[in-house]
Amino acid sequence: MLLFKGTKFVILPNRNASSLKFLAELLVKEGGMLVNEEKEIDCDTIVLINDSFITNTNTIMKNELFFKEFDLDPSTVWNNVNTYKLKCVRATCISEWLRKSSFQINPELVLSVEDNLEDNSEDHSGVKFVTHSATPLYNYDLITAKLLKNSEKAARQIPEVYSSSQNKSENSELAGKSMETEVSNKMGEEVKRTVDISQTTSVPKGNEKLIQALGRLAKRYEMKGDQFRARGYKLARIGIEQYPFKIESGAQAQEEISNVGASIAKKIQTLLDNGSLPGLQELFESEKRVDYFTRCHDIGIYTAKKWEIMGLKSFSEACTIFPEDFTRDWPILFGWSYYEDWLKPIRRDECEKLASVVQQELHLIDPQMKVEILGSYHRGAEKCGDIDLFFYKAGCDDISEIGRIMEDLSISLYRKGYVQCFLQLTRKIYKAFNKIIINRLEKCHLKTTPTLQYTARDDNPRKFMLGVKLPDKEKRQFESITFVDNYKLKPEDMFMSLNSDRSPCRRMDFFCCKYSELGAARLQWIGPKEFNRWIRLKAMHNGLKLTQHGLYDNHNVLLESFDEQRIFQLLNEDYISPSERNHVVKKRRKV
DNA sequence: TGGCAATACTG
DNA sequence: CAGTAT
DNA sequence: GCCA
């Protein structure tokens, strides 16, 4: 008897995520039906929510990404959900039902859907520079939509639940113009529901341990400098994260999960049998020291290992033994000074606030320039490690012009107190910033070498790496996050600290591209790294080469650089939306 | 057994 | 070129 | 480490 015979399901926001495709296949195999059109939805349809839109506190993330990624018309579907009061459960319940061979929707699994939009608009003070944003920041997908409107039908309607709490400037961007529009800082608005379904996590119980173990092994080999072996573990780990069933044996894992080979299968078996792997419990003391160092900006494994081999345990010790490391690679001084701040996660709303400061300043310099937040922010992360700002100008392929604008922009922001430090120099930046470097050198008693001359490169950099922060009074509105990982400087290194709990310094990167390379460049800076490697490998297997400048054939002839979706097409891949790029592996499943 | 993404910036 | 970064 |  088929488990789901006759039952209709709709998967939200869409069924294209790799793990969902797999579950959808199983569902159909067991007699379930997937709705393909809005009108097929009836009062008995079961709503499956992609787990990546359910937070770890078991609440539905009804934010902009959720609705943006709907296959079907979001407002029609959501209206149906509300009027029929359809049952919403996690998509991964499918694997649970299959495993138990029992299709039962226990009441505690049902996520409630009514809107309890509390007014969270705390943002009325100290936001002057936000409320006069001249051009919108978060318009990436709308731009894409515009570029593609030939191939797509009408622009999709934005559902009410979404647009009501939505950044108005986005809508006005559709009209091609937006002045004096109010920018909400509640872009990542979540409507939280507290439903305790703790027994149904997205990762099957028991696999967590394996994931953690592989992560540790990856970390260990990374610190050893064996990047490829580390990569092997990382890919296997991603595979297990995506695998919807409990792993019962090493052989099963090797058979079903890509990037799990003989060696990892054996380790998995050992873990299942013994609950642990020899020597995995904790990093060795030496590894801890390497770890401490490499978390500092501009300290990689090479330097960290060099210091560790010399028995050094802290930056201050390293500073006395290898002073030239610090005077030559002066950005280390800022990595040290902001060590703790730069390891703190950044909330989306703070990303937005900082970005709008930048955007305002940019508008003064050149109103034609556009800026977008890419990186993990764009992939929908609740907390970001840094803020990646991406600059371009319609019709402008002159990269040095944009470079100069970014340079002026960063210096203006430095003068206004937002930029705290630069991590690379141009002649202009050196002039403005030199004294701060000297100050840091003196602070740790390094002689300020007069030979501290800086290579003023002829061409403008197309990339700026900065430390930025909001003034204390403007920062106050952002609730502090409870840090799970709270990385601390050792006491003997604290004297260099410029960290601030009140208003932490943040890492911000500026990137730019030629207008003609917009698609390829966005692809790169949206990332994540693993996705970039995956898709570039894909290109390579097709005899092509993909870079931030475009997709090239084997004769280095440009095939496409402007249209992101066209690049996917040429690679024979379905378009993968930014938030889905977090979980891409080489193969979903072995045959 | 060789290859594992591809590029930018710095000394 | 090597090292660190994205 | 894994894979072709």
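Residues numbered from 1 in each chain as written. Chains lettered and ligands numbered in written order. Predicted model: local features only at pLDDT ≥ 70, side-chain atom pairs only at ≥ 80, totals over all residues. Heavy atoms only, no water.

Caption draft 1: How the structure looks around the overall build of chain A. When helices and strands are counted, chain A shows 24 helices and 14 strands. A burial count over chain A gives 53% of its 591 residues as buried. Contacts in chain A between residues far apart in sequence, at least 24 positions, make up 73% of those at least 6 positions apart. A total accessible area of about 28000 Å² is found for chain A, and carbon and sulfur atoms account for 50% of it. (Helix = DSSP H or I, 4+ residues; strand = E, 2+ residues; numbered from the N terminus. Buried < 20%, exposed > 50% of the residue type's maximum accessible area, 1.4 Å probe, protein only. Contact = heavy atoms within 4.5 Å. Areas by Shrake-Rupley, 256 points an atom, 1.4 Å probe, with all protein chains shown as cover.)

Caption draft 2: Spatial organisation of the environment of Asp493. The topology assignment puts Asp493 in the loop between α21 (472-475) and β11 (506-512). Using a relative accessible area of 0% as the deciding quantity, one classes Asp493 as buried. Once the C-alpha coordinates of Asp493 and Cys513 are considered, the two residues, 20 residues apart in sequence, prove to be 39 Å apart. Apart from the residues lying within four places of it in its own chain, the contact partners of Asp493 are Tyr292, Ser314, Phe315, Ser316 and Trp336.

Caption draft 3: Examining the side chain of Arg522 more closely. Relative to the elements of secondary structure, Arg522 occurs in helix α22 (residues 518-526). With a relative accessible area of 2%, Arg522 lands in the buried category. Among the polar contacts listed, one links the side chain of Arg522 to the side chain of Glu372, at a separation of 2.8 Å. (Polar contact = N/O pair within 3.5 Å; in protein donor to acceptor, adjacent residues only side chain to side chain.)

Caption draft 4: Region of the structure containing the confidence of the model for chain A. With 77% of its residues at a pLDDT of at least 70, chain A reaches an overall mean of 80. A low-confidence stretch, residues 116-201 stays under pLDDT 50, and its non-local contacts, those more than four residues away or across chains, total 174 contacts. (pLDDT = per-residue confidence, 0-100.)

Caption draft 5: Structural view of the pairing of strand β1 (residues 8-12). Across the five residues that make up β1, a large majority, four, are buried. With two bridges joining them, β1 and strand β2 (residues 33-34) adopt parallel strand pairing. Residue pairing for β2: Lys8 is matched across the bridge by Met33. With four bridges connecting them, β1 and strand β3 (residues 46-49) associate as parallel partners. Its bridge partner lying in β3, Leu12 is registered against Ile49. (Pairing = 2+ DSSP bridges.)

Caption draft 6: Representation of unusual backbone geometry. That bond from Leu12 to Pro13 is cis: its omega, 0°, falls within 30 degrees of zero. Locating Pro13 in the fold gives a position in the loop between β1 and α1 (18-29). With omega at 0°, the peptide bond leading from Gly527 into Pro528 counts as cis. When you line up the elements, Pro528 lands in the loop between α22 and α23 (529-541). At Asn556, a residue that is not glycine, the phi angle is positive and equals roughly 65°. For Asn556, the position within the fold is in the loop between β13 (550-552) and β14 (558-560). Phi is positive for Asn572, which is not a glycine, with a value near 60°. Position of Asn572 relative to the elements: it lies in the segment after α24 (564-570).

Caption draft 7: Focus on the environment of Glu317. Position of Glu317 relative to the elements: it lies in helix α14 (residues 315-321). Using a relative accessible area of 33% as the deciding quantity, one classes Glu317 as partly exposed. Taking the C-alpha atoms as reference, Glu317 lies 9.1 Å from Trp307; in sequence the two are ten residues apart. For Glu317, the contacting residues outside a window of four places in its chain are Gly311 and Leu312.

Caption draft 8: Main features of the nonpolar core. Ranked by size, the top nonpolar core spans 69 residues in total, and within it Phe315, Leu333, Phe334, Leu389, Phe391, Phe433 and Phe510 carry the most contacts. No other element matches helix α19 (residues 399-415), which puts eight residues into this core. Phe4, Cys93, Leu98 and Ile247 belong to the second largest nonpolar core, which has 41 residues in total. (Core = buried A, V, L, I, M, F, W, Y, C linked by side-chain atoms within 4.5 Å.)

Caption draft 9: Structural context of the protein's contact with DNA strand D. Neighbouring residues of DNA strand D: 15 residues in total, closest Phe228, Tyr233, Asn259, Gly261 and Lys267. Measuring from a phosphate oxygen of DNA strand D, one finds a side-chain N or O atom of Tyr233 at 2.8 Å. In the environment of DNA strand D, a phosphate oxygen lies 2.6 Å from a nitrogen or oxygen atom belonging to the backbone of Gly261. Listed by contribution, the elements that provide at least two residues to the surface near DNA strand D are α9 (227-242) and α11 (262-274). For the surface near DNA strand D, the class distribution of residues is six nonpolar, five polar and four charged. (Near = heavy atom within 4 Å. Nonpolar A, V, L, I, M, F, W, Y, C, P; charged D, E, K, R; others polar.)

Caption draft 10: Looking closely at the sheet that holds β13. Pairing within the open sheet is antiparallel, and its three strands lie in the order β12-β13-β14. Edge positions in the sheet fall to β12 (545-547) and β14, since each of these pairs with one other strand and no more. Strand-to-strand, the axes of this sheet are offset by a mean angle of 35°, without reference to chain direction. Here α23 sits on the sheet in contact with β12 and β13, set at roughly 150° to β12. (Axes fitted to C-alpha atoms, helices over the stretch in contact; angles between N-to-C directions.)

Caption draft 11: Local environment of helix α3 (residues 74-83). Three or more residues of α3 are buried, namely Pro74, Ser75, Val77, Trp78, Asn80 and Val81. The first or second residue beyond α3 is Lys85, which carries a positive phi of 50°.

Caption draft 12: Quick look at the environment of Asp71. Considering the arrangement of structural elements, one finds Asp71 in the loop between α2 (64-68) and α3. The exposure class of Asp71 is partly exposed, given its relative accessible area of 37%. Counting along the chain gives 494 residues from Asp71 to Gln565, while the straight-line C-alpha distance between them is 16 Å.

Caption draft 13: Spatial organisation of the state of the cysteines. One pass over the full model with this rule turns up zero disulfides. The thiol of Cys351 is not disulfide-bonded; the next cysteine sulfur, from Cys384, is found 3.9 Å away. (Disulfide = S-S within 2.5 Å.)

Caption draft 14: Summary view of the packing of aromatic side chains. One pass over the structure, following the stated rule, counts 31 aromatic pairs. Where Tyr414 meets Phe433, the ring centres are 5.8 Å apart and the plane angle is 85°; that geometry is what we call edge-to-face. One end of the pair, Tyr414, is in helix α19; the other, Phe433, is in helix α20 (residues 427-443), with 19 residues separating them in the sequence. What makes Tyr414 buried here is its relative accessible area of 14%. Linked through ring pairs, Tyr292, Phe293, Trp307, Phe315, Phe326, Trp336, Tyr339 and Phe495 together constitute an aromatic cluster. Against the face of Tyr221 rests Arg229, its NZ or CZ located 5.6 Å from the ring centre. The ring of Tyr377 carries the charged tip of Arg348 above its face, separated from the ring centre by 4.0 Å. (Phe/Tyr/Trp six-rings, centres within 6.5 Å; stacked < 30°, edge-to-face > 60°. Lys NZ or Arg CZ within 6 Å of the ring centre and 35° of its normal.)

Caption draft 15: Representation of the UniProt feature "active site" (unreviewed entry) in chain A in the model. Mapped onto the present numbering, the UniProt feature "active site" (unreviewed entry) falls on Lys267. Mapped onto the elements, Lys267 comes out in helix α11. In this structure Lys267 touches Leu217, Tyr233 and Leu277, once residues within four positions along its chain are discounted. (UniProt positions renumbered as here; feature names shortened; annotations may be inferred.)

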